[in-house]
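Report on the structure
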Amino acid sequence: MKHIRFQFMAVLSASALMLSSCDLIGSIDDISPDHVVTDDNYITDAASAQTALNGVYASWRSTGVSYLRYGMFSMAHTETQAMVMGADEFAQENIETNNSNVEAAYTAYYNVINTANTFLVHINKNIPGLSDNKRTEMIAEARCQRALAYLTLLKCFGEYWKQDSPYGVCLFKDELVRDNEPRKRSSVAETYQLIGEDLDFAIAHCAQQPTDHYHVSALFAKALKAKMYLAQDDYQNAAKIAEEVIGEAGNDGYNLEEDYATIYSKQFESDEMLFAPYVANPSELYDDVWIGFAPGSLLTEIADGLAPDEETGDGGNSDGDNEEYSSKKKMTTRAGDESEDEEYPVEPGDPDNPDYPEGPDGPTATYDARYDWAYKSEIAMTTGIGKYAKLTADYLSLDTYYFMRLAEVYYIAAEAEARQGEYDKARTYLATVIARAGYDEEYVDGIADEDLLGVILKHKLVDISNENFEEWFDLCRYNRKGGFEGWTEDEKAELPAFRRYLLPIPKTSQGANNLLEQNPEYIE
């Protein structure tokens, strides 16, 4: 397993010394502490430049970054039992301005931006041993990460779907910010302009074929740009860029994994990961208290309805009539039993059950295969969720954070084409990404045009849920732009209430910046 070796520069504290005479060390005013980072020594050569860039990557390793996901999953109804501060407010879509989870996330993402900006200010001076080409590539990596942070902040805290809205986010560009300098929010258009400029630079200058997937690359930057266009409801450009990513992926060392489980056993080493930095278990991702992880009601309802019916080939339980997943058991006839009427409980996805997933006359999976694997496989029985396969309580294992993987780009392309009425193109992308879950072309071809958008989202939710909280933004977009029409009434009943699309600007941040305006939907 590869490991990032982040190097950190810290202030060295000294123990108090009892000296019989001050003459032995001279004047205290002349003493300069060692290993203190200053503008003069932050970057002095190629090695310290790489150390500083590593520090930008390290800034993603924050509970403020990771814990926000639990609340967002809960708000999207793709997870329950979130055990972080303020999680109940997310579940009820009633988030207060002093929510500690929101406060920590807002600060953490701006820490990423500030760390990137500090690097960008210092990297442009004369640095011995650093070539111009390497300098440009490092700048591109920092700007790509800054773009990711700004895009996330905008989608969480700004009216990202309104180009003419004044409620973007506060922008800081290539500058050192060391004091609480009051600053107004930039407009949404201005925020997108900076994000786009950063991504264009990253596309042009980041490495095309990275040696790993825990560093950003030109292809990841392009995929992030497709996601940016989707957030803007610019389906033409979202489709165009997503399709370029799909066409270039193989040559750049990225591919869909044939086996869904392989994605999560390889984690940041998987060819499917566009950007997945490792984080140390347990404090920076799911820690050992997450053995009780449980999928949310919306995710369960959708996974139940998607499960192919063996006789018809259609999605199962199309009327939405299913048992509550909390029972965790389905009664199924045992294959090969003398008594065909004998029933026994089968755990969906239970690898110890000899009749799973299917036999000549035996049971089939009750839920979509990806859901079964994620929540009912042997790995899931140990860790609570199969997507974080290395989660243990030994405090030594490494896990990862899936910022984006190639599968998401296929779903972006499929949705963007479907919203433009290009249904055949949309079906092609959907068929490719869901083939490994057991869905064939006949299944995809059988989806009516008017239902295609809704089916694309269902598969996307089952595929990438509880990874990068993109599901919340997808659900909000479908609520705004349409696509739920073909869903069953039971599926619609599990949707969020959409009381608000945005998170509140934290009260503490407003206290530190008297020019920072609250989002209108939180103003009483």
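No experiment lies behind these values; they were computed from the predicted model shown.

It is worth spelling out the overall build of the protein chain at this point. For the protein chain, the helix and strand inventory stands at 19 helices and eight strands. Expressed as a percentage of the 524 residues in the protein chain, the buried residues total 56%. Restricting to contacts in the protein chain with at least 6 residues of sequence separation, those with at least 24 account for 69%. Accessible area of the protein chain: about 22800 Å², with a carbon and sulfur share of 47%.

This structure, assessed with the given rule, holds 32 salt bridges. Between aspartate 200 and lysine 225 there is a salt bridge, and its shortest N-O distance comes to 2.5 Å. Taken together, the residues span a long stretch of sequence, with aspartate 200 in helix α6 (residues 188-205) and lysine 225 in helix α7 (residues 218-231) at a distance of 25 residues. By relative accessible area, lysine 225 is classed as buried at 13%. The residue aspartate 449 makes a salt bridge to arginine 427 at a minimum N-O spacing of 2.6 Å. On the criterion of sequence distance, the pair formed by aspartate 449 in helix α16 (residues 449-464) and arginine 427 in helix α14 (residues 423-434) is long-range, its members being 22 residues apart. The structure contains a network of salt bridges with shared partners spanning Glu272, Asp368, Arg370, Lys387, Arg405, Arg436, Asp463 and Glu467.

Summed over all chains, the structure comprises four cavities of 30 Å³ or more. The wall of the largest cavity is formed by 15 residues, among which Leu148, Thr152, Lys227, Asn468 and Glu470 lie closest to the centre. Per element, the largest residue contribution to the lining of the largest cavity is four residues, and it comes from helix α5 (residues 132-157). When its residues are assigned to classes, the lining of the largest cavity shows 10 nonpolar, two polar and three charged.

Further remarks concern the nonpolar core. Burial of nonpolar side chains together is a common tendency in soluble globular proteins. Ranked by size, the top nonpolar core spans 149 residues in total, and within it Met72, Phe119, Tyr150 and Leu503 carry the most contacts. With 14 residues, α5 is the largest single contributor of residues to this core. Residues within four places of methionine 72 in sequence aside, it is in contact with Phe90, Cys156, Phe469, Trp472, Phe473 and Leu503.

Turning our attention to helix α17 (residues 470-481). The terminal C-alpha atoms of α17 lie 16 Å apart, and with 12 residues this matches the ideal 16 Å at 1.5 Å per residue to within 8%. Taken across its 12 residues, α17 has nine buried, putting it largely inside the fold. Just past α17, the residue glycine 482 takes up positive phi, approximately 95 degrees.

Residue histidine 77 is not a glycine yet carries a positive backbone phi of 65 degrees. In this structure, histidine 77 sits in the loop between α2 (63-75) and β1 (79-80). If you check the backbone angles, aspartate 174 has positive phi at about 50 degrees while not being a glycine. If you trace the backbone, aspartate 174 turns up in the loop between α5 and α6.

Turning to the packing of aromatic side chains, a few remarks are in order. Aromatic ring pairs: the centre-centre distance and the angle between the two ring planes describe each pair. Scanning all chains against the criterion turns up 27 aromatic pairs. Ring plane angle 70 degrees and centroid distance 5.3 Å describe the contact between tyrosine 260 and tyrosine 264, whose orientation is recorded as edge-to-face. Pair noted here: tyrosine 260 and tyrosine 264 are both in helix α9 (residues 260-266), with a separation of four residues, about one helical turn. For the residue pair tyrosine 260 and tyrosine 264, the accessibility class agrees, reading buried in each case.

This part is about α6. For α6, which comprises 18 residues, the first-to-last C-alpha distance of 26 Å matches the rise-based estimate of 26 Å (1.5 Å per residue) to within 8%. Along α6, the residues that are buried comprise Val188, Thr191, Tyr192, Leu194, Ile195, Gly196, Asp198, Leu199, Ala202 and Ile203.

Before going further, it helps to examine a negative patch on the surface. Judged by side-chain charge, Asp440, Glu441, Glu442 and Asp445 come together as a negatively charged surface patch. Taking relative accessible area as the criterion, aspartate 440 reaches 45% and is therefore assigned partly exposed.

One can find arginine 146 in helix α5. Filtering out sequence-adjacent residues up to four positions away, arginine 146 remains in contact with Ile113, Ala116, Asn117, Leu120, Phe172, Lys173, Asp174, Leu194 and Asp198.

Take the confidence of the model for the protein chain next. Looking at the protein chain, the pLDDT average stands at 80 and 74% of residues meet or exceed 70. Note that pLDDT drops below 50 for residues 281-291; the model gives that stretch 48 contacts with residues more than four away or on any other chain.

So, on to the packing of α7 against helix α13 (residues 406-419). When two helices pack together, their arrangement is given by the angle between the helix axes and by the axis-to-axis distance. The contact between α7 and α13 brings their axes to 10 Å, and the two run at 40 degrees. Considering the relative orientation of α7 and α13, their crossing is left-handed. On α13, the residues touching Ala223, Ala226, Lys227 and Leu230 of α7 are Glu408, Val409, Ile412 and Glu415. Class assignment for the residues of the contact of α7 with α13 results in five nonpolar, no polar and three charged.

Calculation notes
Residues numbered from 1 in each chain as written. Predicted model: local features only at pLDDT ≥ 70, side-chain atom pairs only at ≥ 80, totals over all residues. Heavy atoms only, no water. Helix = DSSP H or I, 4+ residues; strand = E, 2+ residues; numbered from the N terminus. Buried < 20%, exposed > 50% of the residue type's maximum accessible area, 1.4 Å probe, protein only. Contact = heavy atoms within 4.5 Å. Areas by Shrake-Rupley, 256 points an atom, 1.4 Å probe, with all protein chains shown as cover. Salt bridge = Lys/Arg side-chain N within 4 Å of Asp/Glu carboxyl O. 1 Å grid on protein atoms, 1.4 Å probe; cavity = no way out; pocket = protein on both sides within 12 Å on 5 of 7 lines; lining within 4 Å. Points joined across faces, edges and corners; volume = space filled by probe spheres on them. Nonpolar A, V, L, I, M, F, W, Y, C, P; charged D, E, K, R; others polar. Core = buried A, V, L, I, M, F, W, Y, C linked by side-chain atoms within 4.5 Å. Expected span 1.5 Å × (residues − 1). Phe/Tyr/Trp six-rings, centres within 6.5 Å; stacked < 30°, edge-to-face > 60°. Patch = residues over 30% accessible without salt bridge, like charges linked within 9 Å, V, L, I, M, F, W, Y side chains within 5 Å. Lys, Arg positive; Asp, Glu negative; His and termini not counted. Charge placed at Lys NZ, Arg CZ, Asp CG, Glu CD. pLDDT = per-residue confidence, 0-100. Axes fitted to C-alpha atoms, helices over the stretch in contact; angles between N-to-C directions. Left-handed = near helix turned anticlockwise from the far one by under 90°.

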